[in-house]
Amino acid sequence: MKRILVTGALGQIGSELVPALRGVCGADCVVASDIRMPTGTVDKDGPFEYVDCTEKRLVDEVVRKYEVDSIYHLASLLSATAEEKPHVAWDVNMGGLYRVLEVARENRCAVFFPSSIGAFGPSTPPDRTPQDTLQRPTTMYGVTKVAGELLCDYYHQRFGVDTRGLRYPGLISYVAPPGGGTTDYAVEIFYEAIRNKRYSCFLGPDTCLDMMYMPDAVKAAVDLMNADPTRLVHRNAFNVTAVNFTPEQLGAEIRKHIPEFTIEYEVDPVRQGIADSWPNSLDDSAAREEWDWKPEYDLPSMTRDMLENLRVKLKAG
Ligand code: NAD
Ligand code: AKB
């Protein structure tokens, strides 16, 4: 039976990955951890531990206590916050990953590490960005993501640690708010559409980025960790994508459900600069070939589901 530790479990991904893993493996087999204390039910539905991933002793104690064999390492600062606090981002993103990999090496754990479209930079081919290509990011977030991808490769080649990872695009979800990224607009827009029927977007109308709905993101992580290792040519940093749109196109899709919805633009130069340094779209054929990756949600089905679920959530709140 698998025994799993999730770091950064109270964030946007962890809030949905932990229940999904508990559904598959059993609640007691999935330890959620974070440096924040839970306000929801994550600590009632299964084990929860305070773990600062930059403190190796804390990661190690929990891994030993619960006999963990797989770590989903989600703790990180996202792109916009990392640009505000580059030194903290280096400590958390690199220091945390290094310590998690060390604990994994010593305790023979597998590791899931989520990279990002942020691992690419302005000199990367921007359209249908290939799996293996030039990576010269210009953000601290991107620097930590490329270095993280390489460090995971190194721990696999040098020490035999079963590291696996994805390059996620912007993720859209309604359970937990996004944690300080450049693609956060694509979540905020839904909240504002329901609450106020208008949204002021911090990215320009034609900023084209890849995105994915959270059920697909969770499925991708679980499927990759369960994939047949003999088929994996690229273990870490698989390009994955699902939908591709600009703020104007997302606004138009929302307007099909809320005809009065309007979008205006108040561009934030920092986040616009980050977005402009990222690819317009990714080629995810390696993930499709090596572990049968296929997203379920497109723009219309994601928008419908987001609005339905968010309406229920906001009414309940
Ligand atoms: P998030 O910001 O929502 O959550 C991160 C969590 O990490 C938070 O709950 C925070 O309290 C915790 N944390 C921060 N510092 C910590 C520390 N020192 N020790 C332990 N926990 C700490 O992030 P997310 O959106 O859930 O992203 C998870 C991972 O996926 C990150 O590596 C991120 O770069 C990557 N990713 C996310 C997206 C996205 O759109 N959400 C896209 C690409 C990649
Ligand atoms: C961010 O915008 O920082 C994240 C990401 C795409 O990595 N959502």
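What counts and how
- Residues numbered from 1 in each chain as written.
- Chains lettered and ligands numbered in written order.
- Predicted model: local features only at pLDDT ≥ 70, side-chain atom pairs only at ≥ 80, totals over all residues.
- Heavy atoms only, no water.
- Domains from an automatic or database assignment.
- Contact = heavy atoms within 4.5 Å.
- Buried area = accessible area lost by both parts, 1.4 Å probe.
- Salt bridge = Lys/Arg side-chain N within 4 Å of Asp/Glu carboxyl O.
- Buried < 20%, exposed > 50% of the residue type's maximum accessible area, 1.4 Å probe, protein only.
- Helix = DSSP H or I, 4+ residues; strand = E, 2+ residues; numbered from the N terminus.
- Pairing = 2+ DSSP bridges.
- Right-handed = clockwise from strand over helix to strand, strands pointing away.
- Near = heavy atom within 4 Å.
- Polar contact = N/O pair within 3.5 Å; in protein donor to acceptor, adjacent residues only side chain to side chain.
- Areas by Shrake-Rupley, 256 points an atom, 1.4 Å probe, with all protein chains shown as cover.
- Nonpolar A, V, L, I, M, F, W, Y, C, P; charged D, E, K, R; others polar.

A. Representation of the domain arrangement of the protein within the structure. For the protein, the domain assignment lists domain 1 (4-169 + 213-239) and domain 2 (172-210 + 242-280 + 297-313). The gap between the C-alpha centroids of domain 1 and domain 2 is 25 Å. The interface is formed by 25 residues belonging to domain 1 together with 27 residues belonging to domain 2. Taken over both partners, the interface formed by domain 1 and domain 2 buries close to 2,100 Å², and the fraction arising from carbon and sulfur atoms is 62%. Three residues, Gln12, Ile117 and Tyr213, lead the burial of domain 1 against domain 2; their summed loss comes to 36% of the area buried on that side. At the junction of domain 1 and domain 2, the tally comes to 0 salt bridges.

B. Highlighting the pairing of strand β6 (residues 163-168). For β6, the tally of buried residues reaches 6 of 6 residues, placing the bulk of the element in the interior. Across 6 bridges, the pairing between strand β5 (residues 110-116) and β6 is parallel. Across the sheet, residue Phe113 finds its bridge partner in β6, namely Gly165. In this view, the connection linking β5 to its parallel neighbour β6 by way of helix α6 (residues 140-159) has right-handed handedness. When β6 meets strand β10 (residues 238-239), the two strands line up parallel, connected through 2 bridges. Within the sheet, the bridge partner assigned to Leu166 lies in β10 and is Phe238.

C. Structural context of the pattern of salt bridges. All chains considered together, the criterion is met by 17 salt bridges. Of the charged contacts, one joins Asp60 and Arg64 as a salt bridge, the two residues approaching to 2.9 Å between their closest N and O atoms. Taken together, the residues Asp60 and Arg64, both in helix α3 (residues 56-65) and 4 residues apart, mark about one turn of the helix.

D. Region of interest: the site of ligand 2. For ligand 2, the full set of nearby residues is Leu78, Ser79, Ser116, Ile117, Tyr141, Pro169, Gly170, Gly181, Thr182, Thr183 and Trp278. Here Ser116 contributes a side-chain N or O atom positioned 2.6 Å from an oxygen atom of ligand 2. Separating an oxygen atom of ligand 2 from a backbone N or O atom of Thr182 is a distance of 2.7 Å. Compared with its free state, where it exposes 250 Å², ligand 2 has 94% of that area covered by protein. Residues that form the shell around ligand 2 fall into these classes: 5 nonpolar, 6 polar and no charged.

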